[in-house]
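The lines below spell out each chain.
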Amino acid sequence: MLSVDLSHAIPFLSLPYEEALRPRLSKAAQWLDAGGGKGADFIGWVHLPRDYDREEFARIERASQRIRQDSQALVVIGIGGSYLGARGVIECLASPNYNLKKKTTPNVYFIGNGLSSDALREVAELVEDADFSVNVISKSGTTTEPAVAFRFFRALLEKKYGPDGAARRIYATTDRARGALKSLSDAQGYETFVVPDDVGGRYSVLTAVGLLPIAVAGIDIRALMCGAEEMMQCCSARDFSNPAWQYAAIRSELYRQGKKIELLACFEPSFRFMAEWWKQLYGESEGKENRGIFPASVDFTADLHSMGQYIQQGERTLLETVVRFGPSEHQMVVPFDESDGDGLNFLAGKPLSFLNDQAMDGTLLAHVEGGVPNVIIRADARDARSLGQLIYFFEYACGLSGYLLGVNPFDQPGVEAYKKNMFALLGKPGYEELGEQLRARLGR
Ligand code: PA5
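The following paragraphs examine the structure supplied in this document. Sequence order as written defines residue numbering, which begins from 1 separately in each chain. Where totals are concerned, whole chains, interfaces and linings use all residues; where local detail is concerned, this predicted model gives features only for residues with pLDDT of at least 70, and gives and counts side-chain atom pairs only at 80 or more. Note that water and hydrogens are dropped before the side-chain values are worked out from all heavy atoms of the structure.

If you check the shell around the ligand, you find 13 residues, and the closest are S82, S138, S140, T143 and Q280. Think of a polar contact as two N or O atoms within 3.5 Å of one another; within protein, one of them needs to be a possible hydrogen donor and the other a possible acceptor, and neighboring residues in sequence only count if both atoms come from side chains. One of the backbone N or O atoms of R202 is found 3.1 Å from an oxygen atom in the ligand. Contacts to the ligand include Q280, whose side-chain N or O atom sits 2.5 Å from an oxygen atom. In short, Shrake-Rupley with a 1.4 Å probe defines the accessible areas, and a residue's cover is counted only from the protein chains shown. Taking 390 Å² as the accessible area of the ligand by itself, protein coverage stands at 88%. Amino acids outside the nonpolar list (Ala, Val, Leu, Ile, Met, Phe, Trp, Tyr, Cys, Pro) and the charged list (Asp, Glu, Lys, Arg) are all regarded as polar, and Gly is one of them. Taken together, the residues of the shell around the ligand sort by class into one nonpolar, nine polar and three charged. Nearness is defined per residue: one heavy atom within 4 Å of the molecule or strand is enough.

In C-alpha coordinates, the structure reads:
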(Lines give C-alpha, C1' and ligand atoms only; values in the text may rest on other atoms or scores of the structure.)
Protein backbone atom coordinates (compact mmCIF):
# COMPACT_ATOMS: atom_id res chain seq x y z
CA MET A 1 0.00 0.00 0.00
CA LEU A 2 1.17 3.52 -0.79
CA SER A 3 2.85 5.33 2.07
CA VAL A 4 4.37 8.75 2.75
CA ASP A 5 7.76 9.18 4.39
CA LEU A 6 8.23 12.62 5.93
CA SER A 7 11.44 11.89 7.81
CA HIS A 8 13.51 14.04 5.44
CA ALA A 9 11.11 16.97 5.52
CA ILE A 10 10.06 17.30 9.16
CA PRO A 11 13.54 18.43 10.33
CA PHE A 12 13.00 21.60 8.25
CA LEU A 13 10.10 22.61 10.47
CA SER A 14 10.83 24.19 13.82
CA LEU A 15 7.43 23.65 15.45
CA PRO A 16 5.09 20.68 15.63
CA TYR A 17 2.59 21.62 12.93
CA GLU A 18 0.23 18.65 12.86
CA GLU A 19 -1.84 19.57 15.91
CA ALA A 20 -2.21 23.14 14.66
CA LEU A 21 -3.52 21.92 11.30
CA ARG A 22 -5.75 19.13 12.60
CA PRO A 23 -8.98 21.17 12.94
CA ARG A 24 -8.62 22.66 9.45
CA LEU A 25 -7.84 19.25 7.97
CA SER A 26 -10.90 17.78 9.69
CA LYS A 27 -13.04 20.51 8.21
CA ALA A 28 -11.49 20.07 4.76
CA ALA A 29 -12.08 16.29 4.91
CA GLN A 30 -15.68 16.88 5.91
CA TRP A 31 -16.14 19.26 2.94
CA LEU A 32 -14.63 16.72 0.55
CA ASP A 33 -16.68 13.83 1.88
CA ALA A 34 -20.03 15.53 2.34
CA GLY A 35 -19.89 18.96 0.67
CA GLY A 36 -20.27 22.35 2.30
CA GLY A 37 -16.94 23.82 1.12
CA LYS A 38 -16.08 25.91 -1.93
CA GLY A 39 -16.74 24.16 -5.24
CA ALA A 40 -18.90 21.49 -3.59
CA ASP A 41 -20.62 20.81 -6.93
CA PHE A 42 -17.38 19.17 -8.10
CA ILE A 43 -16.64 16.53 -5.51
CA GLY A 44 -18.10 13.63 -7.49
CA TRP A 45 -14.61 12.13 -7.83
CA VAL A 46 -14.30 11.58 -4.06
CA HIS A 47 -16.47 8.45 -3.96
CA LEU A 48 -16.13 7.59 -7.65
CA PRO A 49 -13.93 4.47 -7.14
CA ARG A 50 -16.81 2.97 -5.12
CA ASP A 51 -19.82 4.47 -6.88
CA TYR A 52 -18.81 4.53 -10.54
CA ASP A 53 -21.38 3.58 -13.16
CA ARG A 54 -20.86 -0.19 -13.68
CA GLU A 55 -22.99 -0.26 -16.82
CA GLU A 56 -20.88 2.45 -18.45
CA PHE A 57 -17.70 0.74 -17.28
CA ALA A 58 -18.79 -2.46 -19.10
CA ARG A 59 -19.48 -0.37 -22.23
CA ILE A 60 -15.98 1.11 -21.98
CA GLU A 61 -14.53 -2.41 -21.87
CA ARG A 62 -16.63 -3.50 -24.85
CA ALA A 63 -15.69 -0.39 -26.85
CA SER A 64 -12.01 -0.93 -26.07
CA GLN A 65 -12.26 -4.54 -27.30
CA ARG A 66 -13.95 -3.38 -30.50
CA ILE A 67 -11.24 -0.76 -31.11
CA ARG A 68 -8.57 -3.37 -30.47
CA GLN A 69 -10.19 -5.65 -33.04
CA ASP A 70 -10.91 -3.18 -35.83
CA SER A 71 -8.16 -0.56 -35.43
CA GLN A 72 -4.39 -0.41 -35.67
CA ALA A 73 -4.46 3.04 -34.08
CA LEU A 74 -6.61 5.12 -31.77
CA VAL A 75 -6.41 8.90 -32.09
CA VAL A 76 -7.25 10.48 -28.74
CA ILE A 77 -8.33 14.11 -29.05
CA GLY A 78 -8.42 16.23 -25.89
CA ILE A 79 -6.54 18.81 -23.83
CA GLY A 80 -5.79 19.47 -20.14
CA GLY A 81 -7.85 17.22 -17.91
CA SER A 82 -9.23 15.54 -21.02
CA TYR A 83 -5.75 14.40 -22.03
CA LEU A 84 -3.01 14.28 -19.41
CA GLY A 85 -4.29 11.47 -17.17
CA ALA A 86 -4.74 8.94 -19.98
CA ARG A 87 -1.32 9.75 -21.42
CA GLY A 88 0.26 9.63 -17.97
CA VAL A 89 -1.12 6.18 -17.16
CA ILE A 90 -0.37 4.72 -20.61
CA GLU A 91 3.22 5.98 -20.60
CA CYS A 92 3.81 4.94 -16.99
CA LEU A 93 2.44 1.41 -17.36
CA ALA A 94 2.84 0.60 -21.04
CA SER A 95 5.93 2.76 -21.76
CA PRO A 96 6.64 6.13 -23.40
CA ASN A 97 7.75 3.94 -26.35
CA TYR A 98 4.40 2.13 -26.40
CA ASN A 99 3.72 3.00 -30.05
CA LEU A 100 7.09 1.61 -31.12
CA LYS A 101 6.69 -1.73 -29.34
CA LYS A 102 5.64 -5.04 -30.91
CA LYS A 103 2.16 -5.66 -29.51
CA THR A 104 -1.37 -6.80 -30.20
CA THR A 105 -3.00 -3.55 -29.06
CA PRO A 106 -3.42 -0.44 -31.26
CA ASN A 107 -1.04 2.50 -31.26
CA VAL A 108 -2.45 5.45 -29.31
CA TYR A 109 -1.80 8.99 -30.58
CA PHE A 110 -2.70 12.12 -28.62
CA ILE A 111 -3.66 15.24 -30.51
CA GLY A 112 -5.89 18.30 -30.02
CA ASN A 113 -3.68 19.34 -27.09
CA GLY A 114 -2.33 22.38 -28.93
CA LEU A 115 -2.68 24.24 -32.20
CA SER A 116 0.49 23.18 -33.96
CA SER A 117 -0.06 22.47 -37.61
CA ASP A 118 3.00 20.24 -37.75
CA ALA A 119 1.85 18.10 -34.82
CA LEU A 120 -1.56 17.60 -36.37
CA ARG A 121 -0.21 16.78 -39.83
CA GLU A 122 2.23 14.29 -38.33
CA VAL A 123 -0.49 12.26 -36.59
CA ALA A 124 -2.68 12.45 -39.72
CA GLU A 125 0.23 10.99 -41.72
CA LEU A 126 0.91 8.32 -39.13
CA VAL A 127 -2.64 6.96 -39.35
CA GLU A 128 -3.13 7.58 -43.07
CA ASP A 129 -2.55 3.97 -44.11
CA ALA A 130 -3.88 2.38 -40.95
CA ASP A 131 -7.32 1.37 -39.80
CA PHE A 132 -8.02 3.80 -37.00
CA SER A 133 -10.67 5.05 -34.61
CA VAL A 134 -11.06 8.35 -32.79
CA ASN A 135 -11.88 9.07 -29.16
CA VAL A 136 -12.76 12.75 -28.91
CA ILE A 137 -12.85 13.95 -25.30
CA SER A 138 -14.22 17.29 -24.15
CA LYS A 139 -16.38 17.85 -21.10
CA SER A 140 -17.59 21.24 -22.30
CA GLY A 141 -17.68 20.06 -25.89
CA THR A 142 -16.59 23.51 -27.00
CA THR A 143 -12.83 23.71 -26.33
CA THR A 144 -11.14 25.12 -29.43
CA GLU A 145 -8.02 22.93 -29.63
CA PRO A 146 -9.77 19.52 -29.59
CA ALA A 147 -12.73 20.80 -31.62
CA VAL A 148 -10.41 21.92 -34.44
CA ALA A 149 -8.45 18.66 -34.38
CA PHE A 150 -11.68 16.67 -34.42
CA ARG A 151 -12.78 18.45 -37.60
CA PHE A 152 -9.65 17.21 -39.35
CA PHE A 153 -9.82 13.64 -38.09
CA ARG A 154 -13.56 13.31 -38.65
CA ALA A 155 -12.98 14.36 -42.26
CA LEU A 156 -10.16 11.78 -42.59
CA LEU A 157 -12.38 9.03 -41.21
CA GLU A 158 -15.29 10.00 -43.45
CA LYS A 159 -13.03 9.99 -46.51
CA LYS A 160 -11.76 6.55 -45.61
CA TYR A 161 -14.90 4.79 -44.37
CA GLY A 162 -17.83 6.97 -45.53
CA PRO A 163 -20.10 8.81 -43.08
CA ASP A 164 -21.65 5.67 -41.54
CA GLY A 165 -18.37 3.79 -41.26
CA ALA A 166 -16.76 6.86 -39.71
CA ALA A 167 -19.58 7.24 -37.20
CA ARG A 168 -18.95 3.65 -36.04
CA ARG A 169 -15.30 4.54 -35.36
CA ILE A 170 -15.90 7.73 -33.40
CA TYR A 171 -16.27 7.53 -29.62
CA ALA A 172 -17.16 10.79 -27.90
CA THR A 173 -16.57 11.39 -24.19
CA THR A 174 -18.44 14.49 -23.10
CA ASP A 175 -21.21 15.96 -20.97
CA ARG A 176 -24.28 13.80 -20.40
CA ALA A 177 -26.64 16.31 -22.05
CA ARG A 178 -25.03 19.62 -23.08
CA GLY A 179 -22.51 21.05 -25.51
CA ALA A 180 -21.72 21.04 -29.20
CA LEU A 181 -19.96 17.66 -29.06
CA LYS A 182 -22.96 16.00 -27.42
CA SER A 183 -25.35 17.47 -30.02
CA LEU A 184 -23.07 16.44 -32.88
CA SER A 185 -22.67 12.93 -31.43
CA ASP A 186 -26.41 12.47 -31.09
CA ALA A 187 -27.00 13.74 -34.61
CA GLN A 188 -24.30 11.49 -36.12
CA GLY A 189 -24.89 8.43 -33.95
CA TYR A 190 -21.46 8.27 -32.26
CA GLU A 191 -21.16 6.09 -29.17
CA THR A 192 -20.89 8.46 -26.22
CA PHE A 193 -19.42 8.21 -22.74
CA VAL A 194 -20.10 10.59 -19.91
CA VAL A 195 -17.93 13.01 -17.97
CA PRO A 196 -20.06 13.30 -14.82
CA ASP A 197 -21.32 16.80 -14.03
CA ASP A 198 -19.72 16.74 -10.61
CA VAL A 199 -16.23 15.71 -11.77
CA GLY A 200 -13.96 18.48 -13.13
CA GLY A 201 -11.50 17.82 -15.96
CA ARG A 202 -8.36 17.46 -13.86
CA TYR A 203 -10.08 14.97 -11.50
CA SER A 204 -11.55 12.88 -14.35
CA VAL A 205 -8.87 10.32 -15.21
CA LEU A 206 -10.84 7.52 -13.49
CA THR A 207 -13.95 8.24 -15.60
CA ALA A 208 -14.39 7.32 -19.28
CA VAL A 209 -12.09 10.30 -20.01
CA GLY A 210 -9.06 8.24 -18.99
CA LEU A 211 -10.43 4.72 -18.90
CA LEU A 212 -11.26 4.21 -22.58
CA PRO A 213 -7.82 5.11 -24.00
CA ILE A 214 -6.12 3.34 -21.11
CA ALA A 215 -8.11 0.14 -21.74
CA VAL A 216 -7.37 0.31 -25.48
CA ALA A 217 -3.65 0.26 -24.59
CA GLY A 218 -4.23 -3.07 -22.82
CA ILE A 219 -4.01 -1.79 -19.25
CA ASP A 220 -6.16 -3.47 -16.60
CA ILE A 221 -8.68 -0.74 -15.74
CA ARG A 222 -10.34 -2.94 -13.12
CA ALA A 223 -7.05 -3.10 -11.22
CA LEU A 224 -6.69 0.67 -11.60
CA MET A 225 -10.13 1.24 -10.05
CA CYS A 226 -9.45 -1.35 -7.38
CA GLY A 227 -6.27 0.50 -6.33
CA ALA A 228 -8.17 3.78 -6.28
CA GLU A 229 -10.85 2.27 -4.07
CA GLU A 230 -8.24 0.95 -1.65
CA MET A 231 -6.81 4.44 -1.37
CA MET A 232 -10.29 5.93 -1.01
CA GLN A 233 -10.70 3.76 2.10
CA CYS A 234 -7.31 4.93 3.45
CA CYS A 235 -8.14 8.57 2.78
CA SER A 236 -11.41 8.32 4.68
CA ALA A 237 -9.46 8.27 7.96
CA ARG A 238 -9.85 11.60 9.73
CA ASP A 239 -6.42 11.62 11.33
CA PHE A 240 -2.72 11.59 10.52
CA SER A 241 -2.70 7.88 9.70
CA ASN A 242 -4.16 9.13 6.41
CA PRO A 243 -1.30 9.59 3.88
CA ALA A 244 -3.17 12.44 2.17
CA TRP A 245 -3.38 14.30 5.49
CA GLN A 246 0.37 13.83 5.96
CA TYR A 247 1.20 15.14 2.49
CA ALA A 248 -1.29 18.04 2.51
CA ALA A 249 -0.19 19.16 5.97
CA ILE A 250 3.54 19.18 5.31
CA ARG A 251 3.08 20.98 1.98
CA SER A 252 0.96 23.60 3.69
CA GLU A 253 3.49 24.17 6.45
CA LEU A 254 6.51 24.22 4.13
CA TYR A 255 4.71 26.72 1.89
CA ARG A 256 4.04 28.91 4.92
CA GLN A 257 7.77 28.82 5.60
CA GLY A 258 8.69 30.00 2.11
CA LYS A 259 8.88 26.83 0.04
CA LYS A 260 7.00 28.20 -2.95
CA ILE A 261 7.99 25.64 -5.58
CA GLU A 262 7.39 21.90 -5.40
CA LEU A 263 9.39 19.60 -7.63
CA LEU A 264 7.81 16.24 -8.30
CA ALA A 265 10.64 13.85 -9.02
CA CYS A 266 10.79 10.25 -10.12
CA PHE A 267 13.64 7.96 -11.10
CA GLU A 268 11.50 6.21 -13.73
CA PRO A 269 11.38 8.14 -17.04
CA SER A 270 8.03 6.54 -17.82
CA PHE A 271 6.56 8.72 -15.03
CA ARG A 272 7.06 11.94 -17.00
CA PHE A 273 3.46 12.37 -18.10
CA MET A 274 2.08 11.37 -14.71
CA ALA A 275 4.05 14.37 -13.47
CA GLU A 276 2.43 16.51 -16.19
CA TRP A 277 -0.96 15.29 -14.94
CA TRP A 278 0.05 16.11 -11.33
CA LYS A 279 1.19 19.61 -12.36
CA GLN A 280 -2.20 20.38 -13.85
CA LEU A 281 -3.98 18.91 -10.82
CA TYR A 282 -2.09 21.02 -8.29
CA GLY A 283 -1.44 24.08 -10.44
CA GLU A 284 -5.08 24.58 -11.41
CA SER A 285 -6.42 23.63 -8.00
CA GLU A 286 -4.16 25.85 -5.86
CA GLY A 287 -2.79 28.59 -8.10
CA LYS A 288 -5.31 31.39 -7.62
CA GLU A 289 -5.95 34.52 -5.56
CA ASN A 290 -2.17 35.20 -5.74
CA ARG A 291 -1.51 32.05 -3.76
CA GLY A 292 -0.32 28.50 -4.21
CA ILE A 293 2.82 26.37 -4.55
CA PHE A 294 4.16 26.37 -8.13
CA PRO A 295 4.25 22.72 -9.25
CA ALA A 296 7.22 21.68 -11.37
CA SER A 297 8.65 18.31 -12.26
CA VAL A 298 12.00 16.66 -12.86
CA ASP A 299 12.96 13.37 -14.42
CA PHE A 300 15.88 11.77 -12.55
CA THR A 301 18.65 10.91 -12.97
CA ALA A 302 18.55 12.73 -16.35
CA ASP A 303 17.64 16.12 -14.86
CA LEU A 304 20.30 15.84 -12.17
CA HIS A 305 22.60 16.68 -15.07
CA SER A 306 20.61 19.79 -15.97
CA MET A 307 18.48 21.01 -13.06
CA GLY A 308 20.60 19.36 -10.36
CA GLN A 309 22.83 22.41 -9.98
CA TYR A 310 19.88 24.72 -9.25
CA ILE A 311 18.24 22.24 -6.91
CA GLN A 312 21.44 21.88 -4.93
CA GLN A 313 22.51 25.53 -4.74
CA GLY A 314 19.95 27.88 -6.28
CA GLU A 315 17.35 29.94 -4.44
CA ARG A 316 16.10 28.01 -1.39
CA THR A 317 12.39 28.11 -2.19
CA LEU A 318 12.13 24.47 -3.25
CA LEU A 319 10.54 21.42 -1.74
CA GLU A 320 10.91 18.07 -3.44
CA THR A 321 8.44 15.20 -3.55
CA VAL A 322 9.89 11.96 -4.84
CA VAL A 323 7.72 9.08 -6.07
CA ARG A 324 9.51 5.78 -5.49
CA PHE A 325 8.23 2.55 -7.01
CA GLY A 326 9.16 -0.92 -5.82
CA PRO A 327 11.70 -2.78 -8.01
CA SER A 328 10.79 -3.78 -11.53
CA GLU A 329 10.21 -7.46 -12.28
CA HIS A 330 12.48 -7.20 -15.30
CA GLN A 331 15.92 -6.61 -13.87
CA MET A 332 18.92 -5.79 -16.03
CA VAL A 333 22.20 -6.84 -14.43
CA VAL A 334 25.47 -5.00 -15.10
CA PRO A 335 27.63 -7.41 -17.15
CA PHE A 336 31.18 -8.44 -16.24
CA ASP A 337 33.84 -7.24 -18.67
CA GLU A 338 37.18 -9.02 -18.82
CA SER A 339 39.21 -5.93 -19.74
CA ASP A 340 37.36 -3.58 -17.33
CA GLY A 341 38.43 -0.71 -19.58
CA ASP A 342 35.61 1.45 -18.19
CA GLY A 343 36.43 0.55 -14.58
CA LEU A 344 32.89 -0.63 -13.93
CA ASN A 345 33.58 -4.18 -12.79
CA PHE A 346 32.90 -3.12 -9.19
CA LEU A 347 29.25 -3.01 -10.35
CA ALA A 348 29.29 -6.29 -12.29
CA GLY A 349 26.48 -8.63 -11.25
CA LYS A 350 24.47 -5.84 -9.63
CA PRO A 351 20.91 -5.18 -10.84
CA LEU A 352 20.21 -1.71 -12.23
CA SER A 353 17.57 -1.25 -9.53
CA PHE A 354 20.39 -1.36 -6.97
CA LEU A 355 22.19 1.42 -8.84
CA ASN A 356 18.97 3.42 -9.10
CA ASP A 357 18.30 2.98 -5.35
CA GLN A 358 21.76 4.28 -4.49
CA ALA A 359 21.22 7.22 -6.84
CA MET A 360 17.91 7.95 -5.06
CA ASP A 361 19.44 7.80 -1.61
CA GLY A 362 22.52 9.80 -2.65
CA THR A 363 20.33 12.47 -4.23
CA LEU A 364 18.03 12.57 -1.22
CA LEU A 365 20.88 13.19 1.20
CA ALA A 366 22.54 15.76 -1.08
CA HIS A 367 19.34 17.73 -1.61
CA VAL A 368 18.37 17.66 2.05
CA GLU A 369 21.85 18.87 2.91
CA GLY A 370 21.43 21.60 0.32
CA GLY A 371 18.30 22.83 2.10
CA VAL A 372 15.58 21.11 0.07
CA PRO A 373 13.05 19.22 2.20
CA ASN A 374 12.19 15.84 0.70
CA VAL A 375 8.86 14.06 0.90
CA ILE A 376 8.98 10.45 -0.28
CA ILE A 377 5.91 8.71 -1.64
CA ARG A 378 6.40 4.98 -1.83
CA ALA A 379 4.29 2.96 -4.24
CA ASP A 380 4.48 -0.85 -4.22
CA ALA A 381 5.08 -1.34 -7.92
CA ARG A 382 4.67 0.31 -11.26
CA ASP A 383 1.41 -1.51 -11.95
CA ALA A 384 -2.24 -0.60 -12.46
CA ARG A 385 -3.27 -1.17 -8.86
CA SER A 386 -0.48 0.96 -7.36
CA LEU A 387 -1.07 3.68 -9.91
CA GLY A 388 -4.79 3.71 -9.02
CA GLN A 389 -3.74 4.26 -5.40
CA LEU A 390 -1.34 7.03 -6.37
CA ILE A 391 -3.89 8.85 -8.53
CA TYR A 392 -6.52 8.86 -5.83
CA PHE A 393 -3.97 9.83 -3.18
CA PHE A 394 -2.83 12.87 -5.18
CA GLU A 395 -6.42 13.89 -5.94
CA TYR A 396 -7.58 13.65 -2.34
CA ALA A 397 -4.50 15.42 -0.99
CA CYS A 398 -5.02 18.12 -3.61
CA GLY A 399 -8.60 18.74 -2.46
CA LEU A 400 -7.38 18.96 1.15
CA SER A 401 -4.51 21.25 0.14
CA GLY A 402 -6.80 23.67 -1.69
CA TYR A 403 -9.08 23.92 1.32
CA LEU A 404 -6.11 24.42 3.67
CA LEU A 405 -5.01 27.25 1.41
CA GLY A 406 -8.47 28.79 1.55
CA VAL A 407 -9.17 28.60 -2.20
CA ASN A 408 -11.71 26.73 -4.29
CA PRO A 409 -9.75 23.65 -5.45
CA PHE A 410 -12.27 22.87 -8.18
CA ASP A 411 -12.50 25.97 -10.35
CA GLN A 412 -10.07 27.47 -12.87
CA PRO A 413 -11.25 31.02 -13.56
CA GLY A 414 -7.78 32.07 -14.73
CA VAL A 415 -7.88 29.73 -17.72
CA GLU A 416 -10.55 31.93 -19.34
CA ALA A 417 -8.24 34.94 -19.80
CA TYR A 418 -6.22 33.54 -22.70
CA LYS A 419 -9.33 31.98 -24.26
CA LYS A 420 -11.15 35.32 -24.36
CA ASN A 421 -8.19 37.04 -26.00
CA MET A 422 -7.70 34.21 -28.48
CA PHE A 423 -11.38 34.26 -29.49
CA ALA A 424 -11.26 38.04 -29.89
CA LEU A 425 -8.11 37.89 -32.04
CA LEU A 426 -9.59 35.06 -34.12
CA GLY A 427 -12.67 37.18 -34.82
CA LYS A 428 -15.21 34.97 -33.02
CA PRO A 429 -18.66 36.58 -33.22
CA GLY A 430 -19.45 38.45 -30.00
CA TYR A 431 -15.81 39.43 -29.31
CA GLU A 432 -15.52 42.31 -31.84
CA GLU A 433 -14.89 45.13 -29.34
CA LEU A 434 -12.28 43.23 -27.37
CA GLY A 435 -10.64 42.26 -30.66
CA GLU A 436 -10.19 45.91 -31.58
CA GLN A 437 -8.74 46.77 -28.17
CA LEU A 438 -6.27 43.88 -28.32
CA ARG A 439 -5.13 44.63 -31.84
CA ALA A 440 -4.50 48.25 -30.77
CA ARG A 441 -2.40 46.98 -27.85
CA LEU A 442 -0.45 44.76 -30.22
CA GLY A 443 0.11 47.70 -32.57
CA ARG A 444 -1.80 46.07 -35.46
O1 PA5 B 1 -9.24 20.79 -15.68
C2 PA5 B 1 -9.87 21.43 -16.48
O3 PA5 B 1 -11.03 21.79 -16.26
C4 PA5 B 1 -9.29 21.80 -17.84
O5 PA5 B 1 -7.97 21.43 -17.97
C6 PA5 B 1 -10.07 21.09 -18.92
O7 PA5 B 1 -9.97 19.71 -18.73
C8 PA5 B 1 -9.56 21.47 -20.30
O9 PA5 B 1 -9.64 22.85 -20.48
C10 PA5 B 1 -10.39 20.79 -21.38
O11 PA5 B 1 -11.73 21.08 -21.22
P12 PA5 B 1 -12.84 20.26 -21.95
O13 PA5 B 1 -12.80 18.88 -21.47
O14 PA5 B 1 -14.12 20.94 -21.60
O15 PA5 B 1 -12.54 20.34 -23.44
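This is not the end of the story, as more comes after the structure.
Next up on the list: a nonpolar patch on the surface. Put simply, a patch holds well-exposed residues, over 30% relative accessible area, that have no salt bridge, with like charges counted together within 9 Å and Val, Leu, Ile, Met, Phe, Trp or Tyr side chains within 5 Å. When a carboxyl oxygen of Asp or Glu lies within 4 Å of a side-chain nitrogen of Lys or Arg, that pair is called a salt bridge. Together, L115, V148 and F152 line one region of the surface with nonpolar side chains, adding up to about 280 Å² of accessible area. Looking at where F152 falls in the secondary structure, it is placed in helix 6 (residues 144-168). Helix numbers and strand numbers start at the N terminus; a helix is a DSSP run of H or I with at least 4 residues, a strand a run of E with at least 2.

On to the sheet that holds strand 2 (residues 73-77). Overall, parallel pairing links the five strands, which are arranged 3-2-4-5-6 in an open sheet. What marks the edges here is a single partner per strand, and that holds for strand 3 (107-111) and strand 6 (191-194). On average, each strand axis in the sheet is inclined to that of its neighbour by 20°, with strand direction left out of account. By the bridge criterion, four bridges tie strand 5 (residues 170-174) to strand 6 in an arrangement that is parallel. Residue Y171 lies in a different strand from strand 6, and its bridge partner there is E191. Contacts: residue pairs with any heavy atoms within 4.5 Å of one another. Lines fitted to C-alpha atoms define the axes here, with helix axes fitted over just the stretch in contact, and angles between the N-to-C directions of these axes take values from 0 to 180 degrees. Strands strand 2, strand 4 (132-138), strand 5 and strand 6 of the sheet are contacted by helix 3 (residues 54-70), whose axis makes an angle of about 135° with strand 6. Note: two strands are recorded as paired if DSSP finds a minimum of 2 bridges between them.

Below, the discussion takes up the pattern of salt bridges. Evaluated as defined, the whole model comprises 27 salt bridges. As a salt-bridge pair, R385 and E230 come within 2.6 Å of each other at their nearest N and O atoms. Of the two residues, R385 sits in helix 14 (residues 384-405) while E230 sits in helix 9 (residues 221-235), which places them 155 residues apart along the sequence. You can call R385 partly exposed: its relative accessible area is 43%. Throughout, exposure labels follow a simple rule: accessible area from a 1.4 Å probe, protein chains only, divided by the maximum for the residue type, with under 20% read as buried, over 50% as exposed, and the rest as partly exposed. Given the relative accessible area of 18%, E230 is considered buried. Salt-bridge contacts for K419 lead to E416; the nearest nitrogen and oxygen are separated by 3.6 Å. Residue K419 and its partner E416 are both found in helix 15 (residues 415-426); the two are separated by three residues, about one turn of the helix. K419 sits in the partly exposed class, given a relative accessible area of 22%. Sharing partners across several salt bridges, the network here consists of E55, E56, R59, R66 and E191.

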